[in-house]
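Summary of the model geometry
So you can see what is in the structure, the chains are spelled out below.
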Amino acid sequence: MAKVRAERVTKVFKTLKALDNVSVTIDHGLFFCLLGPSGSGKTTLMRIISGLETPTSGSIFFDDEDVTGLSPSERNIAMVFQFPSIYPSLNIYDNIALAIRREVNSKQEERERVQWAASLLRIEEHLKKRYHEIDFGILQRVSIAKAIVRKAQVYIFDEPLSNLDTKLRESLRSEFQHIHREVGGTFIYVTHDQLEAMAIADKIGILRDGRLQQVGTPDEIYYHPLNKFVAYFIGSPTINFIDTKLKLVEDKPYAFVGNTYLQLDEKFKRALQSRMGKLENLQLGIRPHDISISTTPVADSIPCNVNYIESLGTSLLVELVSGPAAFKCLCDATLNIKEGMQVYAVFDKEHIHIIDPETEEVII
Amino acid sequence: MTSQPDTGSRILKIFPIILIFPAVALVVFLVIFPLIWALGLSFYSYNVLRGEPPIFVGVENYYRLLNSLDVWRRFVLTGQFVFYSVSIEFLLGFGLAHLFYNQFRGRRLAITLVTTPLLVAPVAVGIFHRYLFDATFGIYSYIAQLLTGQSVRILSQHPMFAIVFMDVWQWSPFMMLFILAGLEAIPKHMLESSEIDRLSPLAKFRYIVWPTIKPLVALALLFRTMDAFRTFDTIFTLTGGGPGTATEVLSIQIYRTAFQFFRTGEATALAFIFLVIILLLTNIYLRLARRE
Ligand SMILES: Nc1ncnc2c1ncn2[C@@H]1O[C@H](COP(=O)(O)OP(=O)(O)O)[C@@H](O)[C@H]1O
Ligand SMILES: [Mg+2]
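Every value quoted in this text rests on a predicted model; they were computed, and no experiment measured them. (Residues numbered from 1 in each chain as written. Chains lettered and ligands numbered in written order. Predicted model: local features only at pLDDT ≥ 70, side-chain atom pairs only at ≥ 80, totals over all residues. Heavy atoms only, no water.)

Here we come to the overall build of chain A. From N to C terminus, chain A includes ten helices and 22 strands. Reported as C-alpha extents along the three principal axes, the dimensions of chain A are approximately 80 × 45 × 35 Å. Classification of the 364 residues of chain A by burial places 54% in the buried group. Split by element, the accessible area of chain A, about 16500 Å² in all, is 47% carbon and sulfur. (Helix = DSSP H or I, 4+ residues; strand = E, 2+ residues; numbered from the N terminus. Buried < 20%, exposed > 50% of the residue type's maximum accessible area, 1.4 Å probe, protein only. Areas by Shrake-Rupley, 256 points an atom, 1.4 Å probe, with all protein chains shown as cover.)

Looking now at the sheet that holds strand S21 (residues 353-356) of chain A. Residues and elements named next belong to chain A. Ordered by their spatial adjacency, four strands build an open sheet running S11-S15-S21-S22, and the pairing between neighbours is antiparallel. Only two strands of the sheet have a single neighbouring strand rather than two, namely strand S11 (240-244) and strand S22 (361-362). As defined by bridge partners, strand S15 (residues 282-286) adjoins S21 across three bridges and the pair is classed as antiparallel. Across the sheet, the residue bridging to Gly-285 is His-353, located in S21. (Pairing = 2+ DSSP bridges.)

Residue and element names in this part refer to chain B. One can read the domain layout of chain B as domain 1 (3-56) and domain 2 (62-291). For domain 1 versus domain 2, the distance between C-alpha centres works out to 35 Å. Contacts between domain 1 and domain 2 engage eleven residues on the former and nine residues on the latter. Here domain 1 and domain 2 share an interface that buries about 810 Å² over both sides, 72% of which is from carbon and sulfur atoms. Taken together, the connections running from domain 1 to domain 2 amount to zero salt bridges. (Domains from an automatic or database assignment. Contact = heavy atoms within 4.5 Å. Buried area = accessible area lost by both parts, 1.4 Å probe. Salt bridge = Lys/Arg side-chain N within 4 Å of Asp/Glu carboxyl O.)

Now the structure itself:
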């Protein structure tokens, strides 16, 4: 296994810049998720790392060896595509065995490794079957088995679950961490599903329009997004953005939300001072989880009206309106509220972000 | 009053029959009727020129034909022609298809040029090959002379080579188009995944390329074999079956029997034997293709 490093990789298709100066280091043995909406360049980056595509500029390193000029087979990569790639004329066993034909020294070793991969993916019962005798979900398991059976420098999975239905996806997703521990290699896993990434990754890289937005652990990305896009893309239900302006009163920071001034933590003061007085036209970001509702007035709360209530089973997604501001809040289903009611929203101040909507940068 | 909807529905039932009647009639009178008539005729001794009434001879025509060494020789000759032509066409078409599978500048124009022989009328193909093979002025004869150092009269010395060459010239592009279509149907991600799996070029061909192109190759071979088997016009215009009977394939023999020797009954019998062979070939191919 290897440490993978992309250095200032740019890829231009005719006029379209699919990747723009992407640099990222993936430590060896890491489970790295590349996350981004479709069309953001994830597949292109994977194809460049695997050698199926050459970058317009920039380089790829495996353990400090420049592999940019090497072909996929010289790089020794294992890769799973969005669609199962099974050789139709061979049965499943032979399909998996073919992938390690160059690696094994004996039939015995081949059998052991195929068995090992098959049991890891729980497809032992299908080994003797042909391509057309098994369904799509199993086929994708076979593709994954074909990849992890290898002793490769890096294992790449390009949205391997996106064509499966929800149930299959969830069951396979939960197995992925186990698979990673057993295989013990560098995994790069591509997805557009942030829940999937948050659930399985050691580290996540977020790509948007060919630019890498942020790299970090799931917690870092969730709690400390670097920009508005990351804050928006991660987390479900989606984060609220509320127009706001800030001011300092008696050396204490306040944010204007709806029609109330809300006192902020001391830590905001420093950040605000660095803005040199530009305190208007900002946005306050807060996740629905971090807002609670009180039916009686409490200190430091924002009086609002309940606009509508959406039931999510054990919780309610409530839209609150306060003056010009509207935001959603997630609260317990046992809470006794009705649409049109006057309530009081309490923001968890630890988790408030202030965003400059012009640069989309998260100030704090 | 009550019969009104009844009449309406009866007209509705008859209407489609009226519509397809002309087509069916055409097929019956122009195809099926002559076929049956000819089948009947093959059991008679009959000569159109003499105009005498046909004499019923039973299976005599068939018996005589199947026991004639001459006819067997024609079978072998035709078989050789088909085998050489179709094999070379397959190999050439295969090579060309792989060439055109790559992208290069002027690829479309090159494909158009390579496939033009398909559009040339067979008689024209035969006639201009006669010029190309001409012992005195022909460019092919000239090339042959350059290569061998002596003057070669291809049409009289190597007539089989000439007719196979001509067939290959015209029909290799046909094979190429089929195989190219097969190659282009190979999913790109399969080729890429075989690259990732580090398969050898041979394994790539065996496990990805061949399974995808196989049905198309089978179809192309079927078409070409049947077609080559009944080739008439190109050979007839190039060599007329000669020299002697060196290139007299079955179709030309049938023609000669019918229209030069006017042994009409015998010719029809031969034509039916011919038909049965083609049907058998088709069936074998289809069965092979379906088993896959
Ligand atoms: N071979 C190609 N030729 C032209 N444009 C391409 C090609 N491959 C990808 N693109 C474009 O590059 C962008 C990124 O594509 P891709 O890497 O497939 O995104 P993702 O995998 O994140 O959905 C898209 O706008 C896509 O249309
Ligand atoms: Mg993609």
